[in-house]
Amino acid sequence: MTAPPRRASPPRPCIRTPAPEPLAFGRDAWHHHVTRIVAARDEVAGVRTYDLAFRDPDAAAGYVFAPGQFNMLYLPGIGEAAISISSDPRERAFVGHTVKAVGNVTQALERLGAGDEVVLRGPFGTAWPLEELRGRDVVIVTGGVGLASVRSAIFQIIAARGDYGRVAVLFGAKTPAGLIYTDEYDRWRAAGIEVLLTVDEADSNWTGRVGLVTALFDDLDLSPASSGLICCGPEPMMLAVVKRAGAAGIFPGDTYLSMERNMSCAARLCGLCQFGPEFVCRDGPVFPYDRIARFLEIRHL
Ligand SMILES: Cc1cc2nc3c(=O)[nH]c(=O)nc-3n(C[C@H](O)[C@H](O)[C@H](O)COP(=O)(O)OP(=O)(O)OC[C@H]3O[C@@H](n4cnc5c(N)ncnc54)[C@H](O)[C@@H]3O)c2cc1C
Ligand code: FES
């Protein structure tokens, strides 16, 4: 399938809807579910995707999330970590998480396999503004395991592909061996999504771009005034993306970032995730850039 014909979009005011309210958070934040790993796939070295099925069928039936939200994954005796939900929101048999093994919880998770149990709280946080972006061009910019946070948005966009204008995924990794979901790019492209890749360091087989993800903006043919941008990755990368997107004409208020700050309670209680006046666990993780711009530039905040 080729991309739908480009819409002649007149310049539009930037998205000024309030930040999305936390979704599906009505229940007690400590309410947890026991899940079982039904599949665990290595994406690249040190990064695995875990499909978790609820033990309780009622919990499975009642669990709904929106792309951009996250769960707290708990391993008894070890700890809990915030992990984005990376599966298709319409998938009812399992909830997917793509995890980079960096510390206590994520390395312990790496030692588990099909049949092992993981305790889950969630979903938590705000979602990507996919409703607001209907009818517009969408630029999705990610680095490293940040692509996990937008994968469920890509599923949702594909399911309603005709409702969006041009859609491009700009993805950068340190090396070709760090590119996750490589077996899905053809499917995304077949659905009319442009997939542009870059790596910091090439190997002998790499024929694509080498350089920062921001350089991929040079390959884009967008209507900036009618585009929305969603971005997840390391904070310095997101800052560089915001600046490059601004130079390309995308309004700051149309730029959404997912702030993957350290978390503990995910319930606006402990303050660990506090970012200026915002609590990333409840007010985020997805924020419109103009709401957090003044804090993003402050190092170590
Ligand atoms: C909303 C949200 C969504 C996330 N989604 C994912 C995801 O989909 N996949 C994934 O692999 N990770 C994701 N993370 C990051 C993940 O929560 C952390 O890496 C977490 O600390 C891992 O727990 P751990 O016990 O294994 O590591 P820890 O033992 O807690 O930490 C290991 C090391 O990483 C550092 N660290 C911890 N968290 C962060 C962070 N957020 N940024 C930078 N350095 C950090 C610590 O300071 C420490 O040095 C997400 C975080 C948030 C807040
Ligand atoms: S993680 Fe405790 S207040 Fe956000």
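Values in this document were obtained by computation on a predicted structure and should not be read as measured data.

Considering the overall build of the chain
Here is step 1: Looking only at helices and strands, the chain has 7 helices and 15 strands in total.
Here is step 2: A compact globule built from 301 residues should have a C-alpha radius of gyration of about 19 Å, and the chain, at 19 Å, falls within 12% of that.
Here is step 3: If you line up the chain on its principal axes, its C-alpha atoms span 50 × 45 × 40 Å.
Here is step 4: The buried share of the chain, taken over its 301 residues, is 44%.
Here is step 5: The long-range share in the chain, meaning contacts at least 24 apart out of those at least 6 apart in sequence, stands at 74%.

Here we look at the site of ligand 1
Here is step 1: Around ligand 1 sit 22 residues in total, of which Ala81, Ser84, Gly103, Val105 and Thr106 are the nearest.
Here is step 2: If you tally residues by element for the shell around ligand 1, the top one is strand β4 (residues 79–84), at 5 residues.
Here is step 3: The residue inventory of the shell around ligand 1, partitioned by class, reads 11 nonpolar, 8 polar and 3 charged.

Some words on the sheet that holds strand β5 (residues 95–100)
Strands belonging to one sheet form pairs held by backbone hydrogen bonds; the direction of such a pair is parallel or antiparallel.
Here is step 1: Taking strand neighbours across the sheet as the criterion, the 6 strands line up as β4-β3-β6-β1-β2-β5 in an open arrangement whose pairing is antiparallel. A strand with exactly one partner marks an edge of an open sheet, and here the two such strands are β4 and β5. Neighbour-to-neighbour, the strand axes of the sheet open up by a mean angle of 40°, direction not taken into account.
Here is step 2: In this structure, strand β1 (residues 32–44) lies alongside strand β6 (residues 117–124), joined through 5 bridges in antiparallel fashion. The residue bridging Thr35 from the neighbouring strand is Val118, located in β6.

Considerations on the nonpolar core
Here is step 1: Grouped together as the largest cluster of nonpolar side chains are 77 residues, with contacts concentrated most on Ile140 and Leu170.
Here is step 2: Per element, the largest residue contribution to this core is 7 residues, and it comes from helix α3 (residues 147–159).
Here is step 3: Three or more residues apiece are contributed to this core by two domains, here domain 1 (32–124) and domain 2 (137–258).
Here is step 4: Each residue touching Leu170, except ones within four places of it in the same chain, is listed here: Val139, Ile140, Val141, Leu196, Val213 and Leu216.

Structural notes on the pairing of strand β2 (residues 47–54)
For a regular strand, side-chain orientation follows a simple rule: the groups alternate between the two sheet faces.
Here is step 1: Among the 8 residues in β2, 6 count as buried, and that is most of the element.
Here is step 2: Strand direction decides the pairing type here: β1 and β2, joined by 8 bridges, are antiparallel. Across the sheet, residue Arg36 finds its bridge partner in β2, namely Ala53.
Here is step 3: Hairpin connection of β1 to β2: 2 residues between the antiparallel strands, including Gly46 at a positive phi of 85°.

Some points on the domain arrangement of the chain
Here is step 1: The domain boundaries assigned to the chain delineate domain 1 (32–124) and domain 2 (137–258).
Here is step 2: A C-alpha centroid distance of 24 Å is found between domain 1 and domain 2.
Here is step 3: Of the residues lining the interface, 15 residues belong to domain 1; the matching set on domain 2 comes to 15 residues.
Here is step 4: Going through the elements one at a time, β1 and β5 are the ones with two or more residues in the side of domain 1 that touches domain 2.
Here is step 5: Looking at the side of domain 1 that touches domain 2, its residues break down into 6 nonpolar, 5 polar and 4 charged.

Focus on α3
Residues separated by three or four positions in an α-helix point in the same direction, a consequence of the helix having 3.6 residues per turn.
Here is step 1: Between its terminal C-alpha atoms α3 stretches 18 Å, which fits the 18 Å expected from 13 residues at 1.5 Å a residue.
Here is step 2: Most of α3 is tucked away: 10 of the 13 residues are buried.
Here is step 3: Buried within α3 we find Leu147, Ala148, Ser149, Val150, Arg151, Ser152, Ala153, Ile154, Phe155 and Ile157.

What to know about unusual backbone geometry
Here is step 1: At the junction of Gly122 and Pro123, the peptide bond is cis and its omega measures out at 5° in the coordinates.
Here is step 2: Along the chain, the position of Pro123 falls in strand β6.
Here is step 3: The amide bond that connects Gly284 to the next residue, Pro285, takes the cis arrangement and shows omega of 15°.
Here is step 4: The residue Pro285 is located in the loop between α6 (280–283) and β15 (286–288) in this model.
Here is step 5: Positive phi outside glycine occurs at Tyr181, with the angle close to 60°.
Here is step 6: With respect to the secondary-structure elements, Tyr181 resides in the loop between β8 (167–173) and α4 (185–190).
Here is step 7: In the Ramachandran plot, Ala266 falls in the positive-phi region, its phi being about 60° despite a non-glycine side chain.
Here is step 8: By the secondary structure assignment, Ala266 is in the loop between β12 (255–258) and β13 (274–275).

Quick notes on the sheet that holds strand β10 (residues 209–210)
Here is step 1: Pairing is mixed in the open sheet, where 7 strands are placed in the order β10-β9-β8-β7-β11-β12-β15. Each of the sheet's edge strands pairs with one partner strand only, and the pair in question is β10 and β15.

Observations concerning the pairing of β8
Here is step 1: Taken across its 7 residues, β8 has 7 buried, putting it largely inside the fold.
Here is step 2: Burial along β8 is two-sided: the face carrying Val167, Val169, Phe171 and Ala173 and the face carrying Ala168, Leu170 and Gly172 are both buried.
Here is step 3: With 6 bridges connecting them, strand β7 (residues 137–143) and β8 associate as parallel partners. Of the residues in β8, the one forming a bridge with Val138 is Val167.
Here is step 4: Handedness of the β-α-β unit built from β7, α3 and β8 comes out right-handed.
Here is step 5: Once you follow β8 into α4 and on to strand β9 (residues 193–199), the crossover reads as right-handed.

So, how was this worked out
Residues numbered from 1 in each chain as written. Chains lettered and ligands numbered in written order. Predicted model: local features only at pLDDT ≥ 70, side-chain atom pairs only at ≥ 80, totals over all residues. Helix = DSSP H or I, 4+ residues; strand = E, 2+ residues; numbered from the N terminus. Rg over C-alpha atoms; globule rule 2.2 N^0.38 Å. Buried ≥ 20, exposed ≤ 12 C-beta atoms within 10 Å, placed from the backbone. Contact = placed C-beta atoms within 7 Å. Near = placed C-beta within 6 Å. Nonpolar A, V, L, I, M, F, W, Y, C, P; charged D, E, K, R; others polar. Pairing = 2+ DSSP bridges. Axes fitted to C-alpha atoms, helices over the stretch in contact; angles between N-to-C directions. Core = buried A, V, L, I, M, F, W, Y, C linked by C-beta atoms within 7 Å. Domains from an automatic or database assignment. Expected span 1.5 Å × (residues − 1). Right-handed = clockwise from strand over helix to strand, strands pointing away.

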